[in-house]
Amino acid sequence: MNLDDWRLIFISICLFSVLAVFSPLIMADLPIKGEKFFALAVLGEEEMTENYYPNNDPNIEVGEELHWNLYIHNKMGGVRYVAIRAKLLNSTMTAPNSTSCSYSPASDVYEVRRVLLDNEVWVYPFSWNITEIERFEDITEITQLSVNQNIFEIRAVAKDGYNFRMVFELWVYDSDLDDFRYGWSSGDELYCAWTQLWFNATLPEL
Amino acid sequence: MNILKKSYSVFCLLLALNILSPIVFGQEIIESDAVLILSETEDSLENAYISLLEIERAGGDITELVKILNTATGYYSEALRLFESGEYVLAVELADKAIDSSNVILETDVRMMSKIEVYRGIGFRNQLYNAIGTSGIIILLSFLGWKVFKTYHFRKINGVKPEVSVDES
């Protein structure tokens, strides 16, 4: 190598070193890239994806207690104010749509709100049971539900009590709208999260 | 005698009204008050959250404030449930607690934001001065290093240079 080559190496090292020194200042003003999302799930009694129903039997009797856990993970890159809305639906009622990000028109039975720090995981115990049920010929109607020791009057019907579902929707507070909205934006895309668990409502055996 | 009977009836009626009015009218007032206070609480919580966003964007630590706001949202959710079950007085009490907690955040926001602005300014300036100083030292050391290297390089070249016979004739 001649002297000019060595000079080039010296100048390059010098420039890279200066750039490295200034990099924290430059990086501080650059937006953090990466996918932003929420994760929503329902976990069983031991905070695992199992044991959702007593004796693993989805035929739920009046008064039979179910212990679920709502799991939510904030990966939005900042603090977020969220609400999880629980809705009781039958098989024919409109469920949320992940493609169009539209929520279920059914009114919510229960709502829980939480402010989540970036990358925070929150597990919320959701214990519930059917407290009142009515039957008219082959139609079963759930008229009262208890969630976390709170009683709620509802009206949800299903033929022979089959195929009820508890739907959980994730709503995020939007400061521009000044209200909660179903789903969230990441770049130009709109995303949403919901989940559901099916069960059958049965009358106690006489 | 008739007047006495009438007076007694009027007295009983007034007494009944006096006893029943707080129950009948008072409940209505409390319900409408509760609706108003719950609405105020929701606004207050949302404002507190917006303050948190601002503090976070400014680079402040919001961990403790988030805990306070979550306590407030807990009070608010409970207040809503109590309201639904007709326990307006308890609902209003919890809603007031939620507003108090939100106000802690809003008050902290004003104090914290001014501090963050000052600290951020100082922090950025210090970082910039440090970077300029370090870069100066790097450039200077590189320059000196280059000088030393060049001298060493020339000596090395001269050392390996073949001797040339000089014709002195």
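All values reported here derive from a predicted model rather than from experimental measurement.

Considerations on the overall build of chain A
Broken down by element type, chain A carries one helix and 13 strands. Mapped in sequence order, the helices and strands of chain A form the string α-β-β-β-β-β-β-β-β-β-β-β-β-β. For chain A, whose C-alpha radius of gyration is 26 Å, the value lies well above the compact-globule estimate of 17 Å for 206 residues. Summarising its shape, the C-alpha atoms of chain A cover approximately 100 × 35 × 25 Å along the three principal directions. Sequence separation of 24 or more characterises 64% of the internal contacts of chain A that already satisfy a separation of 6 or more.

Section: the domain arrangement of chain A
In terms of domains, chain A is made up of domain 1 (1-30) and domain 2 (37-202). Inter-centroid distance (C-alpha atoms) of domain 1 of chain A to domain 2 of chain A is 55 Å.

Examining the nonpolar core
Soluble globular proteins tend to pack their nonpolar side chains together in the buried interior. The biggest cluster of nonpolar side chains holds 69 residues, and the ones touching the most others in it are B:Leu52, B:Leu69, B:Ala79, B:Ala91, B:Ala95 and B:Ala98. Non-local contacts of B:Ala79, meaning those with residues more than four positions away in its chain, are made with B:Leu38, B:Thr41, B:Ala91, B:Leu94, B:Ala95 and B:Ala98.

A closer look at the environment of B:Asp100
Residues and elements named next belong to chain B. Here Asp100 is to be found in helix α3 (residues 88-160). Residue Asp100 is classed as exposed on the basis of its 12 C-beta neighbours within 10 Å. Put simply, Asp100 and Ala72 are 28 residues apart on the chain and 8.2 Å apart in space, counted from C-alpha to C-alpha.

Structural notes on the pairing of strand β10 (residues 179-182) of chain A
Residues and elements named next belong to chain A. In this structure, strand β9 (residues 164-174) lies alongside β10, joined through four bridges in antiparallel fashion. By the bridge assignment, Tyr173 is partnered in β10 with Phe180. Turn length for the β9-β10 hairpin, with the two strands adjacent in sequence and antiparallel, is four residues, and the turn residue Asp178 shows positive phi of about 60°.

Describing helix α2 (residues 63-84) of chain B
With 22 residues, α2(B) extends 32 Å between its outermost C-alpha atoms, agreeing within 8% with the 32 Å of an ideal straight helix rising 1.5 Å per residue. Count one or two residues on from α2(B) and you reach B:Gly86, which has phi positive near 85°.

Points about the pairing of strand β4 (residues 80-90) of chain A
Note on strand geometry: in a regular strand, side chains alternate between the two faces of the sheet. All names here are of chain A. Within β4, nine of the 11 residues are buried, leaving the element largely enclosed by the surrounding structure. Two elements, β4 and β9, share nine bridges in a ladder whose sense is antiparallel. Bridging across to β9, Asn90 finds its partner in Phe164.

Rules and cut-offs
Residues numbered from 1 in each chain as written. Chains lettered and ligands numbered in written order. Predicted model: local features only at pLDDT ≥ 70, side-chain atom pairs only at ≥ 80, totals over all residues. Helix = DSSP H or I, 4+ residues; strand = E, 2+ residues; numbered from the N terminus. Rg over C-alpha atoms; globule rule 2.2 N^0.38 Å. Contact = placed C-beta atoms within 7 Å. Domains from an automatic or database assignment. Core = buried A, V, L, I, M, F, W, Y, C linked by C-beta atoms within 7 Å. Buried ≥ 20, exposed ≤ 12 C-beta atoms within 10 Å, placed from the backbone. Pairing = 2+ DSSP bridges. Expected span 1.5 Å × (residues − 1).

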